[in-house]
Amino acid sequence: MANLKEIRNRITSVSSTMQITSAMKMVSAAKLKKAQDAITAMRPYAEKLTELLQNVSASLDGESGGKYSDQRPVNKVLIVAITSNRGLCGAFNSNVVKETKNLLQNYAGKKVDFVTIGKKGNDIVRKTNNVVINNNGVFDDLTFHNVAEIAEELMKLYADGSYDKIELVYNQFKNAATQVIITEQFLPIVPVKAESKNQVDYLFEPSKEQIVEELIPRSLKTQLYKAVRDSFASEHGARMTAMHKATDNATELRNQLKLTYNKARQAAITNEILEIVGGAEALKA
């Protein structure tokens, strides 16, 4: 059994760790509330924009999205992996990396490059794959404008034929304890098969085609912004949950160490009493 000093040192160390994890949990909980409000407020707009695009493009003759809906043989693929800049959030980042590896198997024999948003994903992916764009700073100032710049670069890479398909991999926010890995096609635009009952009559000015031309880039920017926002909220939810579990584990370990310390202390006191009694008996003899 370890001596009393060693056990005391371990109790002090575990208590310090518990204070850190508890503080990190509270910080993440505060940030989660703001991030959750942002993604919750954005989803109705994103869904309505997608619905509007579907209703309008479904009624067009021929190609509804022009250069962004051009279906080409898939030989060059670009995967956008959205992770975080910091760790200590459980399996949040590793799940994204694992899903990208599964995608690589699906595209065996094809050229596959990566765009990484988030430092943790970039650190892992770049070891074995080609990362053409890495953007870690977007989380320092997460605005629609900053994400739209990344979306414009992706649209340019698809429009000029650099890639035949672009896919997003990220954590979709469900609640603080649940994040779902999503693989979502960004480009080309998935052909719309709208049912007649969902179609809505619109009056167009100046023209249906021109409106769709303006609507598609905005819809793509919104799609990427929503994915990044989802990932950002998921990160704080995952970190809050991980730090909550870490605090509980530290509390349990500290209690076990205190019990061990008390037992060791009692054993030491008992040994001292026995030595004193033994010495007294020896003097009597």
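Residues numbered from 1 in each chain as written. Predicted model: local features only at pLDDT ≥ 70, side-chain atom pairs only at ≥ 80, totals over all residues. Heavy atoms only, no water.

(A) Layout of the packing of helix 4 (residues 144-159) against helix 5 (residues 208-284). Two elements in contact, helix 4 and helix 5, have axes separated by 9 Å at closest approach and are oriented at 120°. On the basis of the axis angle, helix 4 is oblique to helix 5. You can see that helix 4 and helix 5 cross each other, and the crossing is right-handed. Each of F144, V147, A148, I150, A151, E152, L154 and M155 in helix 4 lies in contact with helix 5, whose residues at this interface are P217, L220, K221, T222, L224, Y225 and V228. (Axes fitted to C-alpha atoms, helices over the stretch in contact; angles between N-to-C directions. Helix = DSSP H or I, 4+ residues; strand = E, 2+ residues; numbered from the N terminus. Parallel < 35°, antiparallel > 145°, perpendicular 65-115°, else oblique. Left-handed = near helix turned anticlockwise from the far one by under 90°. Contact = heavy atoms within 4.5 Å.)

(B) Focus on the pattern of salt bridges. Tallied over the entire structure, the rule returns 10 salt bridges. A salt bridge links D164 to R72; the shortest N-O distance between them is 3.2 Å. Taken together, the residues D164 in the loop between helix 4 and strand 4 (165-175) and R72 in the loop between helix 1 (4-58) and strand 1 (76-82) connect sequence positions 92 residues apart. Residue R72 is classed as partly exposed on the basis of its relative accessible area of 21%. The closest approach of N and O atoms between D230 and K226, which form a salt bridge, is 3.4 Å. Linking D230 with K226, this pair stays in helix 5, spanning 4 residues, or about one helical turn. No difference in accessibility class separates D230 from K226, as the two residues are buried. Put simply, R43, K226 and D230 are held in one network by salt bridges that share partners. (Salt bridge = Lys/Arg side-chain N within 4 Å of Asp/Glu carboxyl O. Buried < 20%, exposed > 50% of the residue type's maximum accessible area, 1.4 Å probe, protein only.)

(C) Spotlight on the side chain of T116. With respect to the secondary-structure elements, T116 resides in strand 2 (residues 111-117). Here the side chain of T116 touches N122 through a polar contact of 3.2 Å, side chain to side chain. Here the side chain of T116 touches N134 through a polar contact of 3.0 Å, side chain to side chain. In this structure T116 touches A81, G121, N122, V125, V131, I133, N134 and N135, once residues within four positions along its chain are discounted. (Polar contact = N/O pair within 3.5 Å; in protein donor to acceptor, adjacent residues only side chain to side chain.)

(D) Layout of the pairing of strand 3 (residues 131-135). With 4 bridges connecting them, strand 2 and strand 3 associate as parallel partners. Within the sheet, the bridge partner assigned to F114 lies in strand 3 and is V131. (Pairing = 2+ DSSP bridges.)

(E) Representation of the packing of aromatic side chains within the structure. For the structure shown, the criterion picks out 2 aromatic pairs. For the pair F139 and F232, a centre-to-centre distance of 6.0 Å together with 15° between the ring planes defines the contact as stacked. Taken together, the residues span a long stretch of sequence, with F139 in the loop between strand 3 and helix 4 and F232 in helix 5 at a distance of 93 residues. Neither F139 nor F232 differs from the other in exposure class; each is buried. Both rings, one in F144 and one in Y225, keep their centres 5.5 Å apart while their planes meet at 85°; by these two values the pair is edge-to-face. You can see F144 sitting in helix 4 and its partner Y225 sitting in helix 5, a full 81 residues away along the chain. Under the relative-accessibility criterion, Y225 is labelled buried at 12%. (Phe/Tyr/Trp six-rings, centres within 6.5 Å; stacked < 30°, edge-to-face > 60°.)

That's the geometry; what it means functionally is another story.
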